[in-house]
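# Examination of the molecular architecture
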Amino acid sequence: MLSDVKVVLASCRLQMKQSFSRSMFKFCILAYPILAAITFYLIYAGQNDQTLISYVFLGTAITSMWSSISFSSAGDIDRERFMGALEVIFCSPTRFRMIMFGKVIGNTLLGIASMFISFLMVTLLFQVPFTLTHPLLFIVSMFVGIISFIFIAMLLSGLLAISRNTRVLMNCIDYPVFILCGTVFPIEVLPEWVRPLSYLLSPTYVLELARMSINGITDIRLFYYHMLGLGIVTILYLLAYLKFYEIIDVKARKEATLEVI
Amino acid sequence: MGVIVVKNLRREYETSLGVVKRDKKIVHAVNDISFEVEKGEIFGLLGPNGAGKTSTIKILTTLLAPTSGEATVLGHKCFGEEKELRKKINFIFGSERSLYWRLSAYDNLSYFCDLYHVPEKMKKDRIEKLLEMVGLEDRAHYRVETFSKGMKQRLQIARGLVNDPEVLFLDEPTIGLDPMGAKTLRKIIKQLAEQGRTILLTTHYMLEADELCDRIAIINKGKLFALNTSEKLKDNMDSSMIEVDLHTLREDTVSRLKGIENITDVKVVTDDLGHRLKIECRNPRQIMSLVNEQLYDNKVKSINMREATLEDVYLKIIGGEQSA
Ligand SMILES: Nc1ncnc2c1ncn2[C@@H]1O[C@H](COP(=O)(O)OP(=O)(O)O)[C@@H](O)[C@H]1O
Ligand SMILES: [Mg+2]
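Residue positions are given per chain, counting from 1 as you read along its sequence in written order. In the order they appear in the text, chains get letters beginning with A and ligands get numbers beginning with 1. The predicted origin of the model limits local features to residues at a pLDDT of at least 70 and limits the giving and counting of side-chain atom pairs to 80 or more, whereas totals for whole chains, interfaces and linings rest on all residues. To obtain the side-chain values, all non-hydrogen atoms of the structure were used and water was disregarded.

## Concerning the overall build of chain B
- Within chain B, the secondary structure is distributed over eleven helices and 14 strands.
- Computation of the radius of gyration draws on C-alpha atoms alone. For the globule rule, the value is 2.2 Å times the number of residues to the power 0.38. For a compact globule of 324 residues, the expected C-alpha radius of gyration is about 20 Å, and chain B comes in at 25 Å, more than 25% above that figure.
- Working definition: with a 1.4 Å probe on protein chains only, accessible area under 20% of the residue-type maximum means buried, over 50% means exposed, and in between means partly exposed. Split into buried and exposed, the 324 residues of chain B put 49% on the buried side.
- Looking at chain B alone, contacts between residues at least 24 apart form 70% of all its contacts between residues at least 6 apart.
- Accessible area of chain B: about 15,400 Å², with a carbon and sulfur share of 49%. Each helix is a run of DSSP H or I of at least 4 residues and each strand a run of E of at least 2, with the numbering of both proceeding from the N terminus. In what follows, residue pairs with any heavy atoms lying within 4.5 Å of each other are defined as contacts. The protein chains shown are the only cover counted for residues, whose accessible areas, like all others here, come from Shrake-Rupley with a 1.4 Å probe.

As structure tokens, then:
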């Protein structure tokens, strides 16, 4: 148990050190929030402060956090496979998912940093005051959201450990997620048949909850429903990820997918 | 029972040909191989590219599931009981991979120590010893990406030893190293075996296998063709040769030479300078005195002996067959 904690911490540290030495990553962490903030601001320029906060602040924050957590975690598997480190860590006595968990935590911390940068950017650049109607609910929503993102990242990393088509998968789920979850516009704009998909993705709920706590809650039940929804999808991710890592161990070795092609 | 036991081991890969996924082809990478390795032994798997060496090693290091057959290391099944096994073994793939290039040598080893649950108290000491052993102590805090190929490979060796493994697997450990680097590495491997570790390595360098391995298994296309000590493998070869230059040659010498056991053929080449006997045989050292006896009343100019090399053995077994 103690050694597992140590492995998680060590993997987390390793992940951050490594990520920081990659210029691409520095771009994602530092430049992306800045560029996104500018883009979102220009889209919503002239609207009232609440809209600005809801879309500019949150839009940038959630997209940069989401990219950092899920997509770097996914990319890491690919990178490790390419470096040949995937095999070495896989056959160590530490459970693979502990190592991945550490890495995902590392990405999460960086993602949170990225989110703060975007908050700071919007505040400083556009002088939009960041005001919240329900600060406590906002913090709770973000917290549960982050946990949910962590499990999604674990799920993705598992998926990628057993599939060699990592890149394809990564690229085809990046933007659709932003569209589906209502980062830039409310999901009510989407055709009805895609909405169930939106409600399978936790960013949808996180955004919804955060917006409610920013703009004020007219119906507290709606807030709870969304919180419940977020809880349910998060538990689904958790179950799927646990199941996944159970089969990864066998499947990766049966199908010889750990190494580079 | 051996430290490593492999019995009727098979591993197949399903590969799809071309773009159309439906054209499936089964590759028999390991096709019914059996062998055992004893404690403290250096055991070599020798074979051309595609022979199935890496697949065998990957099965033994719990990285790959066997399709059928048995593979156990230290009494643990390689597939199914890997939890216990992984603590006690380690492997080194002879390449620059399997390291975190953006981290320092020290940080790399430190991370792998954590993965192998090396107690914090022992960690620093062990890392320093390992770095010293592979001659990287003064590069400990440099990033791996600044290392030469040989240095990376040596760091890999250190990485493979972080958990003080009882059994060590090495897949072509000296590939791409310069002669000095390869020599240092062979020295380290010998030291490790002297400490009582069991070592299984693959190579396609004959001399290396000859120098290092207590026993050698020659495999090709997933099949085991020969398994013995280097000496015994050569003994069975009839490609050893004794060449004798003579001033004069008695008529019955050739037939009497042919009568000696282990001599398979005697050819005579005669020119204006004299005669040359080409005696093809097994175990030239052992029959040398018998050959000498039969030559007593010929006028001998010189005698040359060329023992079969492992390469002769290898080429005979692998034959003209091209590697995969
Ligand atoms: N992951 C894989 N998928 C499909 N075929 C493979 C895979 N790995 C190895 N092979 C095939 O299995 C055979 C044996 O390969 P390998 O064990 O790497 O041999 P060696 O290490 O002796 O060169 C080769 O024909 C190789 O192409
Ligand atoms: Mg190989």
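## Some details on the interface of chain B and chain A
- Contacts between chain B and chain A engage 32 residues on the former and 35 residues on the latter.
- Taken together, the two surfaces of chain B and chain A that pack against each other cover about 3,000 Å², and 59% of this comes from carbon and sulfur.
- Note on definitions: salt bridges are taken to be side-chain nitrogens of Lys or Arg within 4 Å of carboxyl oxygens of Asp or Glu. Along the contact surface separating chain B from chain A lie five salt bridges.
- Mapped by element, the contributors of at least two residues to the side of chain B that touches chain A are β1 (4-16), α2 (82-88), β6 (89-93) and α3 (105-115) of chain B.
- Sorting elements by how many residues they give to the side of chain B that touches chain A places α3(B) first, with five residues.
- Gly is put with the polar residues, along with every residue not named as nonpolar or charged; the nonpolar set is Ala, Val, Leu, Ile, Met, Phe, Trp, Tyr, Cys and Pro, and the charged set is Asp, Glu, Lys and Arg. Residue classes in the side of chain B that touches chain A are distributed as 16 nonpolar, four polar and twelve charged. Defined here as a combined quantity, buried area equals the accessible surface (1.4 Å probe) lost by two parts on assembly, summed across both.

## With respect to the pairing of strand β9 (residues 215-220) of chain B
All names here are of chain B.
- The element β9 is largely enclosed, with a buried count of six among its six residues.
- In this scheme, strands are said to pair when DSSP sees at least two bridges between them. Here strand β3 (residues 42-46) pairs with β9 via four bridges, running parallel. Directly across from Gly44, in β9, lies its bridge partner Ile216.
- As judged from the five bridges shared by β9 and strand β10 (residues 223-228), these two strands associate in the antiparallel manner.

## Quick notes on the sheet that holds β3(B)
Residues and elements named next belong to chain B.
- Within the open sheet, the six strands sit side by side as β6-β7-β8-β3-β9-β10. Their pairing is mixed. A single partner strand is all that each edge strand has here, and the edge strands are β6 and β10. Direction aside, neighbouring strands of the sheet carry axes that sit 15° apart on average.
- The strands that helix α5 (residues 149-160) touches are β6 and β7 (167-171); relative to β6, the one it contacts most, it runs at about 170°.
- Note on definitions: angles span 0 to 180 degrees between N-to-C directions of axes, and those axes are lines fitted to C-alpha atoms, for helices only across the stretch in contact. Contacts between helix α6 (residues 179-194) and the sheet are confined to β3, β7 and β8 (198-203), with β8 contributing the most and set at about 150° to the helix.

## Let's talk about helix α10 (residues 284-294) of chain B
All names here are of chain B.
- Inspection of α10 places Pro284, Ile287, Met288, Val291 and Gln294 among the buried residues, and these make up the whole buried set. Angular distribution of buried residues about the axis of α10 spans 140°; they occupy a single face of the element. Exposed and oriented more than 90 degrees from the buried face of α10 are Arg285 and Gln286.
- Where α10 is buried, its residues touch β11 (240-248), α9 (253-258), β12 (263-271), β13 (274-281) and β14 (299-306). It is the directions from the helix axis to the C-beta atoms whose arc is reported.

## Some points on the site of ligand 1
- If you check the shell around ligand 1, you find 15 residues, and the closest are Gly50(B), Gly52(B), Lys53(B), Thr54(B) and Ser55(B).
- We call a residue near a molecule or strand when any one of its heavy atoms sits within 4 Å of it. Around ligand 1, the nearby residues trace back to chains A and B.
- N or O atoms within 3.5 Å of each other form a polar contact, as long as, within protein, one can give a hydrogen and the other can take it, and as long as residues adjacent in sequence are counted only when both atoms are side-chain atoms. At 3.5 Å, a side-chain N or O of Tyr13(B) approaches a nitrogen atom of ligand 1.
- Considering ligand 1 on its own, with 560 Å² of exposed area, one finds that the protein chains cover 72% of that surface.
- Secondary-structure elements contributing two or more residues to the shell around ligand 1 are β1, β2 (24-37) and α1 (53-60) of chain B.
- Broken down by element, the shell around ligand 1 gets its largest block of residues, three residues, from α1(B).

## Regarding the environment of Leu273(B)
- Turning to its location among the elements, Leu273(B) is positioned in the loop between β12 and β13.
- Leu273(B) sits 19 residues away from Val254(B) along the chain, and the two C-alpha atoms are 19 Å apart.

## Comments concerning the nonpolar core
- Put simply, buried Ala, Val, Leu, Ile, Met, Phe, Trp, Tyr and Cys residues joined by side-chain atoms within 4.5 Å make one nonpolar core. Within the largest apolar cluster, 156 residues are counted, with the highest numbers of intra-cluster contacts made by Ile4(B), Phe35(B), Leu60(B), Phe169(B) and Leu200(B).
- Of the residues forming this core, the biggest block, 13 residues, is contributed by helix α3 (residues 49-83) of chain A.
- When sequence neighbours within four positions are dropped, the list of residues in contact with Phe169(B) reads Ile4(B), Ile57(B), Leu60(B), Thr61(B), Val73(B), Ile89(B), Asn90(B), Phe91(B), Ile92(B) and Leu200(B).
- By size, the runner-up hydrophobic cluster in this structure holds 15 residues, among which are Ile260(B), Ile279(B), Cys281(B) and Val291(B).

## Let's talk about the confidence of the model for chain A
- Residue-level confidence of the predictor is what pLDDT reports, using numbers from 0 through 100. Counting all residues, the mean pLDDT for chain A is 82, and 92% of those residues have values of 70 or more.
- When mean pLDDT is taken per element in chain A, helix α9 (residues 202-215) of chain A scores highest with 89 and helix α7 (residues 166-180) of chain A scores lowest with 70.

## Considerations on the side chain of Asn107(A)
- When you line up the elements, Asn107(A) lands in helix α5 (residues 96-126).
- With near-sequence residues (within four places) excluded, Asn107(A) lies in contact with Gln15(A), Ser19(A), Ser68(A), Ile69(A), Ser72(A), Ser73(A) and Asp76(A).

## Overview of unusual backbone geometry
All names here are of chain B.
- Look at Thr62: it is not a glycine, yet its phi comes out positive at around 65°.
- Summarising the element assignment, Thr62 is placed in the loop between α1 and β4 (68-73).
- Of the residues examined, Thr62 reaches a relative accessible area of 0% and is grouped as buried.
- Unlike most non-glycine residues, Lys221 shows phi in positive territory, near 50°.
- Along the chain, the position of Lys221 falls in the loop between β9 and β10.

## With respect to the packing of aromatic side chains
- Only centres within 6.5 Å qualify two rings of Phe, Tyr or Trp (six-membered ring in Trp) as a pair; their planes then separate them into stacked at under 30 degrees, edge-to-face at over 60, and tilted for everything else. A full pass over the atoms with the stated rule returns twelve aromatic pairs over all chains.
- Both rings, one in Phe96(A) and one in Tyr245(A), keep their centres 6.0 Å apart while their planes meet at 40°; by these two values the pair is tilted. Of this pair, Phe96(A) sits in helix α5 while Tyr245(A) sits in helix α10 (residues 220-255), and the two are 149 residues apart along the sequence. Tyr245(A) shares its class with Phe96(A); the two are buried.
- Centroid distance Tyr100(B) to Tyr111(B): 5.9 Å. Interplanar angle 75°. Geometry classified as edge-to-face. Of this pair, Tyr100(B) sits in the loop between β6 and α3 while Tyr111(B) sits in helix α3; the two residues are eleven residues apart in sequence, bridging distant segments of the chain.

## A closer look at the side chain of Thr62(B)
- A polar atom in the side chain of Thr62(B) sits 2.9 Å from the side chain of Arg86(B).
- Ignoring anything within four residues of it in the chain, the contact list for Thr62(B) reads Phe90(A), Cys91(A), Arg253(A), Cys78(B), Glu82(B), Leu85(B) and Arg86(B).

## With respect to the pattern of salt bridges
- Going through the model one piece at a time under the given rule, you end up with 32 salt bridges over all chains.
- Here Lys243(A) ties to Glu246(A) by a salt bridge, and the two come within 3.3 Å at their closest N and O atoms. Taken together, the residues Lys243(A) and Glu246(A), both in helix α10 and three residues apart, mark about one turn of the helix.
- Among the residues examined, Lys243(A) registers a relative accessible area of 47% and is labelled partly exposed.
- A salt bridge links Arg250(B) to Asp252(B), with the shortest nitrogen-to-oxygen separation between them at 3.6 Å.
- For Asp252(B), a relative accessible area of 29% gives the class partly exposed.
- Connected through salt bridges with shared partners, the residues Lys6(A), Asp114(B), Glu120(B) and Lys123(B) form a single ionic network.

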